Amino acid sequence: MNKLLEYMNLHLISLMQDAEQVEDEMEKLDPASKDWEHLDIEMISLNGQIIATRHLMSVAKGMIE
């Protein structure tokens, strides 16, 4: 279980880095543009993945304790 938690933590870090990069790209664009809209959808997806990963990590940690 600890190896799975380590993997999920690395995955979470990667997702957060991806979200930061998308946010930086969005700041450079006009919010009315198609490119901004595409990145907004990607950001929504990343945020959902971050929330889900954090939840799974908390459940796994609770199973260990």
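Treat the numbers as computed from the prediction; the structure is a model and nothing was measured. (Residues numbered from 1 in each chain as written. Predicted model: local features only at pLDDT ≥ 70, side-chain atom pairs only at ≥ 80, totals over all residues. Heavy atoms only, no water.)

Participant: Break down the overall build of the protein chain for me, with residues and values.
Facilitator: If you tally the helices and strands in the protein chain, you get two helices and zero strands. For a compact globule of 65 residues, the expected C-alpha radius of gyration is about 11 Å, and the protein chain comes in at 15 Å, more than 25% above that figure. Expressed along its principal axes, the backbone C-alpha trace of the protein chain runs to roughly 50 × 15 × 10 Å. Residues classed as buried in the protein chain amount to 22% of the 65 residues present. Taking the intrachain contacts of the protein chain between residues at least 6 apart in sequence as the baseline, contacts between residues at least 24 apart amount to 69%. In the structure as shown, the protein chain presents an accessible area of about 5,000 Å², 57% of it carried by carbon and sulfur atoms. With 5 positive and 13 negative side-chain charges, the protein chain shows a separation of 8 Å between the mean positions of the two kinds. (Helix = DSSP H or I, 4+ residues; strand = E, 2+ residues; numbered from the N terminus. Rg over C-alpha atoms; globule rule 2.2 N^0.38 Å. Buried < 20%, exposed > 50% of the residue type's maximum accessible area, 1.4 Å probe, protein only. Contact = heavy atoms within 4.5 Å. Areas by Shrake-Rupley, 256 points an atom, 1.4 Å probe, with all protein chains shown as cover. Lys, Arg positive; Asp, Glu negative; His and termini not counted. Charge placed at Lys NZ, Arg CZ, Asp CG, Glu CD.)

Participant: Describe in detail the packing of helix α1 (residues 2-27) against helix α2 (residues 34-64), supporting the description with residues and values.
Facilitator: The contact between α1 and α2 brings their axes to 9 Å, and the two run at 160°. The pairing of α1 with α2 is recorded here as roughly antiparallel in orientation. The handedness of the crossing between α1 and α2 is left-handed. (Axes fitted to C-alpha atoms, helices over the stretch in contact; angles between N-to-C directions. Parallel < 35°, antiparallel > 145°, perpendicular 65-115°, else oblique. Left-handed = near helix turned anticlockwise from the far one by under 90°.)

Participant: Help me get a handle on α2, residues and values and all.
Facilitator: In a regular helix each residue adds 1.5 Å, so 31 residues correspond to 45 Å; α2 covers 45 Å between its end C-alpha atoms and thus fits that length. Every buried residue of α2 is listed here: L39, M43, L46, I50, T53, M57 and A60. Residues of α2 that are buried in the fold lie against α1. (Expected span 1.5 Å × (residues − 1).)

Participant: Before we move on, could you go through a negative patch on the surface and cite the residues and values that matter?
Facilitator: A surface patch of like charges, here negative, comprises D18, E20, E23, D24, E25, E27 and E42. Tracing the sequence through the fold places E25 in helix α1. For E25, a relative accessible area of 33% corresponds to the partly exposed category. (Patch = residues over 30% accessible without salt bridge, like charges linked within 9 Å, V, L, I, M, F, W, Y side chains within 5 Å. Salt bridge = Lys/Arg side-chain N within 4 Å of Asp/Glu carboxyl O.)

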